[in-house]
Amino acid sequence: MSNMFLFFASLLVLHMDMNSIRMRRDAIVDHLREASSMGYNAVLWEVEDKIKWETCPECVHPEAFSKREFREILAEAESLGLEPIPLMQTFAHAEYILSHEKYRPWREVDANPTCYCVSKLEVREFQKRFLFEYLDLFGPSVKNFHLGADEAHAFGTCPACVKRDKFELFMEHLDGLASVLRERGIRPGIWCDMMLTGKLSDAQIDAQVNKFPKYLTAWYWDYYYGSEEKNLSYWAGRIDHLTENGFSVIFAPATASWGDSPFLPMYGKHSDNVAAAAELTRRKNLHGLCVTSWSVHLSPKRLQYPLWELAAQRYLAPGDSVEKDFSAILVRRLGTDDIQMMKDITSWFPSLIPFDSRFGTCAAKWARPIAGTAKDGIERYRREEPDYVPPLPCEIEANFASVRKALSKMETKSSDLRMAPFISGARLAIRHAETIADELGGKVPVRFPEEESRRFFGIEQSASSAALSSSLVWMPLAGEGGKFAETASVNQKGR
Ligand SMILES: [Zn+2]
């Protein structure tokens with residue numbers, strides 16, 4: 001497949017997210033080459049603190065790329081036909097800035113290091129300076145720029161902001177930054193949630209959407225669309241309010257999102273999601289398709305290659321059926337065509353989420369490690385979701401015993417090297433589930449496969465990033481909050 005299949009002027013974007021992990025440079029280049037060969041023509045760069053920024057030297061990660069190194073990566077991407085689309089956070093998800101003591105006064109809510117107070121003039125000045133630095137780094141080929149703005153739950157709640165009309169305040173802040181871009185002929189965009197927020201009638205949504213300027217590209221993210229799971233995005237099904245009101249829309253499904261194991265993505269849910277999103281993007285002739293891949297879910301991105309390729313193929317040159325396309329891709333990439341087995345192995349992961357591992361990784365982003373065990377995780381989750389019925393340890397054991405059996409059949413059937421990362425991930429994922437079951441059943445785990453999981457994360461992460469990822473997964477289950485916190489702080493220096 002090549003870019004010649006892009007018969008309409010549209011974007012096929014791969015999301016390269018450097019939040020929470022430090023990806024190795026060779027891994028990034030591998031991903032770019034794969035994406036280009038699949039037909040992608042743009043990359044959404046979420047670089048966060050992994051660049052040696054001058055605007056905010058306090059926030060720079062100890063293993064951040066120098067600008068020279070990153071420009072070399074960008075040059076490689078450009079030579080592969082991948083347009084750079086930078087993403088800079090302007091409302092929320094700014095924990096890489098606001099976790100630092102110096103910037104604490106800029107938080108909208110003191111206890112929450114993710115959301116800026118945008119009433120503060122110094123915040124706007126800071127973001128403008130930062131924006132100029134982004135533009136300088138990414139260079140003259142930038143045609144689209146993403147200003148974030150998703151999940152800004154705390155937005156507009158401080159004593160100063162609460163006095164303002166929320167949308168007016170939002171637009172005032174956004175417009176100031178967007179004008180810098182528009183003067184240079186660059187098209188600004190934001191995630192769609194703020195535009196489609198609220199329990200509103202169709203007419204009210206239209207009115208709300210029309211408060212936003214038409215120069216914005218709306219990046220419509222929905223990681224459930226097309227899958228069998230209940231859609232938890234409150235804007236589900238509201239895409240027409242954007243297209244019919246004249247917005248340029250990019251549909252964003254996911255291949256790494258909430259629900260994934262730290263060791264494997266959910267092949268069933270994500271394949272349904274990307275295939276349906278690609279189909280809708282074609283049918284509605286949207287501005288583009290962006291496959292998001294959130295690194296906080298930790299597993300090596302090469303395990304998502306079959307999903308990235310499925311998205312590209314269903315968008316650019318779909319075959320007769322999704323199943324056939326996916327099974328051909330799996331054979332080519334992983335040496336197996338057993339879709340059912342791939343789905344079975346990964347379908348149980350969401351039920352394990354409340355047991356802590358992801359709380360651990362999110363805690364690292366927030367620089368606030370949470371001590372505790374699987375049991376603590378469940379109790380915390382129950383307070384937020386009173387109707388939640390957790391699986392019993394025996395149910396977890398029974399499910400993963402059968403998964404282990406399916407996996408060993410796969411292992412004996414093939415000595416295929418293409419399968420190796422999947423098999424390592426599956427082994428660790430099963431071990432993780434069994435440890436959760438043991439811990440819930442009152443058994444004290446004696447040993448964790450830390451070495452093994454460090455090696456696994458090390459396929460794509462730097463050594464210290466892999467060590468941190470590994471400790472985030474296992475330490476909460478060990479109930480060793482203290483040790484966990486120490487590891488996190490050593491690796492994140494000052495975060
Ligand atoms: Zn405020």
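Here is a short report on the structure shown in this document. (Residues numbered from 1 in each chain as written. Predicted model: local features only at pLDDT ≥ 70, side-chain atom pairs only at ≥ 80, totals over all residues. Heavy atoms only, no water.)

The element strand β7 (residues 187-191) is largely enclosed, with a buried count of four among its five residues. With three bridges joining them, strand β6 (residues 144-146) and β7 adopt parallel strand pairing. By the bridge assignment for β7, Phe145 is matched with Pro188. Traced from β6 through helix α5 (residues 166-182) to β7, the parallel crossover comes out right-handed. (Buried < 20%, exposed > 50% of the residue type's maximum accessible area, 1.4 Å probe, protein only. Helix = DSSP H or I, 4+ residues; strand = E, 2+ residues; numbered from the N terminus. Pairing = 2+ DSSP bridges. Right-handed = clockwise from strand over helix to strand, strands pointing away.)

This part covers the coordination of the zinc ion. Taken together, the protein donors to the zinc ion comprise Glu108 (OE), Cys117 (SG), Cys158 (SG) and Cys161 (SG), at separations of 2.2 to 2.3 Å. Angles of 97 to 114 degrees at the metal separate the four donor atoms of the zinc ion, which places the site in the tetrahedral class. For the zinc ion, all donor residues lie on one chain, and their spacing in sequence is E-x8-C-x40-C-x2-C. Of this pair, Glu108 sits in strand β4 (residues 107-109) while Cys161 sits in the loop between β6 and α5; the two residues are 53 residues apart in sequence, bridging distant segments of the chain. Cys161 matches Glu108 in its accessibility class, with the two residues each being buried. (Donors = N, O, S within 2.8 Å, 3.2 Å for Na, K, Ca; no water. Tetrahedral: all angles 85-135°; square planar, octahedral: opposite > 155°, others 65-115°.)

Another aspect to go through is helix α9 (residues 305-316). Count 3.6 residues to each turn of an α-helix, and residues three or four apart come out pointing the same way. Under the 1.5 Å per step criterion, the end-to-end length of α9 is 16 Å for 12 residues, consistent within 8% with the ideal 16 Å. Counting buried positions along α9 yields 12 of 12 residues, so the element is predominantly enclosed. (Expected span 1.5 Å × (residues − 1).)

The residue Phe130 is located in helix α4 (residues 121-138) in this model. With relative accessibility at 2%, the residue Phe130 sits in the buried group. Spatially, the C-alpha atoms of Phe130 and Met88 are 8.6 Å apart, while their sequence positions differ by 42 residues. Leave out the neighbours within four places in its chain, and Phe130 touches Trp53, Thr55, Cys56, Met88, Tyr96 and Ile97. (Contact = heavy atoms within 4.5 Å.)

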